[in-house]
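Architecture and fold: a report
Single-letter residue listing:
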Amino acid sequence: MQNRKLKWKSDFEKSVIIENFVNRGWIKSQEKEEESTDWNVYWATVWNVRNIFNPKNGFRLNDQQIINHFPNHYELTRKDCMVKNLKRFKREQDKEVLETFNFDFLPTTYIFPGEYSLFVEEFHRNPNQTWIVKPAARSQGKGIFLLRKIQQLKKISGTAITSNMTQLNLASKENYVVSRYIDNPLLIGGKKFDLRMYVLVTNYKPLKVWIYNKGFGRFCNEQYTTDVAEIENMFVHLTNVAIQQYSDKYSQKHGGKYSIDALKLYVESAYGTDALQRMMDDIHNIMLTSLKSVQAVIQNDKHCFEMYGYDILLDSNLKPWLIEINASPSLTTTTPVDKNLKMNLINDVYNIVLPNDDFPDNDQKQQQPTKVGGFTLLYDESLDPNNRKTQKRQSVKIWK
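Small disclaimer: the values here were computed from a predicted structure and weren't measured. (Residues numbered from 1 in each chain as written. Predicted model: local features only at pLDDT ≥ 70, side-chain atom pairs only at ≥ 80, totals over all residues. Heavy atoms only, no water.)

1. Describing the packing of aromatic side chains
To keep things clear, this is the line we draw: Think of it this way: a Phe, Tyr or Trp ring, Trp meaning its six-membered ring, pairs with another when their centres are within 6.5 Å, and the plane angle makes it stacked under 30 degrees, edge-to-face over 60, tilted otherwise. The helix and strand labels rest on DSSP assignments: H or I over at least four residues marks a helix, E over at least two residues marks a strand, and numbering proceeds from the N terminus. Classification of residues uses two cut-offs on accessible area relative to the type maximum, computed with a 1.4 Å probe and protein chains only: under 20% is buried, over 50% is exposed, and between them is partly exposed. Each ring is checked for a lysine NZ or an arginine CZ that lies within 6 Å of its centre and within 35 degrees of its normal; such an atom marks a charge sitting over the ring.
Going through the model one piece at a time under the given rule, you end up with 22 aromatic pairs. An angle of 65° between the planes, with centres 5.1 Å apart, marks the rings of phenylalanine 89 and phenylalanine 101 as edge-to-face. Here the residue phenylalanine 89 occupies a position in helix H4 (residues 79-95), and phenylalanine 101 occupies one in the loop between H4 and strand S5 (109-112), the gap between them amounting to 12 residues. Here the two residues phenylalanine 89 and phenylalanine 101 agree in accessibility, since each one is buried. Between phenylalanine 193 and phenylalanine 219, the ring centres sit 4.8 Å apart and the planes meet at 15°, which makes this aromatic pair stacked. Remark: phenylalanine 219 occurs in strand S11 (residues 207-219) and phenylalanine 193 occurs in strand S10 (residues 191-204); sequence separation between them is 26 residues. Ring pairs connect the aromatic residues Trp8, Phe21, Trp26, Trp43, Phe305 and Tyr350, which therefore count as one cluster. Above the face of the tyrosine 110 ring, lysine 87 is positioned so that its terminal group lies 5.6 Å from the ring centre. Geometry around phenylalanine 216 places lysine 257 over its ring, the cationic atom sitting 4.8 Å from the centre.

Given below as structure tokens:
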């Protein structure tokens, strides 16, 4: 295999993907059809991955093919599925009286329409609470709004909401998740931000997780406020670049993004080294617990890997909250710094999943180093399957 060039295929015309493939000397597959099989490396949309693994198609990947999603990746990356799986996993852990995992990182969340009545009970118990409503399967901030009054749910039901309603009929067939809004975010310069961090999973059974040491904070353009008059101002509340780029205050120079390294330096200087380490430990717990929550339901496949984009919000007490997990984190670049980060990210991904541009056998995979480029091995279940705490503590020290 090392004596011939790999063939690549991509559903995305993104420079960071194509330039990486070209730089490696790989050859673009000339087959135009979506069903083409003449490729070794495929960077696919989630929809095409679903079609590839559809049993009705009768298509099977061979030992010289690799693709960038697991068959049912949506179990973690659809907002409603993520919540469902985390809740189920917590119930299982509670039943076994296990203290290995800390679940205190997901805001109180309900899935609509099924849990509407439970939400109404909670809403009336805390009438002054702000909630955030999100379509379960959309991205880039589309369809999101903040809620202070039950009547605002007319936006998704299409009909008036009354206090005696016991169920919610949605205008569309899509589900929604409704979460307690974290109204005390950590602010820098008076502005709200969240963290985009990258995690690579090369295997689910046993679980093998890599964390990238670069990432960025995504900042809002407007000063943060809890003023109800600004509740519909998404330039105050939503950090998505797809939203913020339309603000009059958006900067083309930095794109509203600041490096994880700069943000860690700020936290360390303002709150101390111990506070920074606790914060990072908590973030690692979020990553490992969320991945463990779907380990039993993800269809593990040796031809697959997943590069997740984790969105983490820090509150004013440096407590990290899980906002969502992206199966296709944006590879659009807004600045030269952004392109450099994402070029190196994709390069390092393939240095792990295809070391030396070759398809390793299982023995070779197990002999990989614990650090590859910007990635550090955060967790490898095969090394110590019965001692997760020890494995986590060791990897955190390496990563920091």
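2. Considerations on helix H5 (residues 116-125)
Heads up, the rule is: This arc describes the spread of directions from the helix axis toward the C-beta atoms. Residues count as neighbours in contact if any of their non-hydrogen atoms are within 4.5 Å of one another.
Every buried residue of H5 is listed here: Tyr116, Phe119, Val120, Glu122 and Phe123. Projected onto a plane normal to the axis of H5, the buried residues spread over an arc of 165° and lie on a single side. Away from its buried face, by an angle of more than 90 degrees, H5 presents the exposed residues His124 and Arg125. Residues of H5 that are buried make contact with S5, strand S6 (131-135), strand S7 (145-147) and strand S8 (176-180).

3. Points about the side chain of asparagine 85
Within the secondary structure layout, asparagine 85 lies in helix H4. By relative accessible area, asparagine 85 is classed as buried at 2%. Ignoring sequence-local partners within four residues, the contact set of asparagine 85 consists of Glu75, Ser293, Val294 and Val297.

4. Quick notes on the sheet that holds strand S4 (residues 66-67)
To keep it simple, the criterion reads: Each pair of strands is called paired provided DSSP finds at least two bridges between the two strands. Geometry is summarised by axes, namely lines fitted to C-alpha atoms with helices restricted to the contacting stretch, and by angles between N-to-C directions that run from 0 to 180 degrees.
Overall, parallel pairing links the 4 strands, which are arranged S2-S1-S3-S4 in an open sheet. Taken across any chain shown, the strands that pair with only one partner, and hence form the sheet edges, are strand S2 (27-28) and S4. Bridge count between strand S3 (residues 41-43) and S4: 2 bridges; the pairing is parallel. Bridged to valine 41 within S4 is isoleucine 66. Along the sheet face, helix H1 (residues 15-23) touches strand S1 (7-10) and S3 and points at about 175° away from the line of S1.

5. Some details on the pairing of strand S14 (residues 320-326)
Extensive coverage of S14 is indicated by the burial of 6 of its 7 residues. Summarising the sheet, strand S13 (residues 306-314) and S14 pair through 6 bridges and their orientation is antiparallel. Note that in S14 the partner of glycine 309 across the bridge is asparagine 326. Here S13 folds back onto S14 in antiparallel fashion, the turn holding 5 residues, of which leucine 318 has a positive phi close to 65°.

6. Comments concerning helix H10 (residues 273-294)
Rules: Take the residue count of a helix, subtract one, and multiply by 1.5 Å to get its expected span.
For H10, which comprises 22 residues, the first-to-last C-alpha distance of 33 Å matches the rise-based estimate of 32 Å (1.5 Å per residue) to within 8%. Within H10, 16 of the 22 residues are buried, which leaves the element mostly enclosed by the surrounding structure.

7. Some words on the environment of phenylalanine 145
Along the chain, the position of phenylalanine 145 falls in strand S7. When the C-alpha positions of phenylalanine 145 and isoleucine 132 are compared, they lie 5.9 Å apart, and in sequence the two are 13 residues distant. What phenylalanine 145 contacts, discounting residues up to four positions off in sequence, is Trp131, Ile132, Val133, Gln152, Lys155 and Ile156.

On their own, these measurements won't tell you what the molecule is for.
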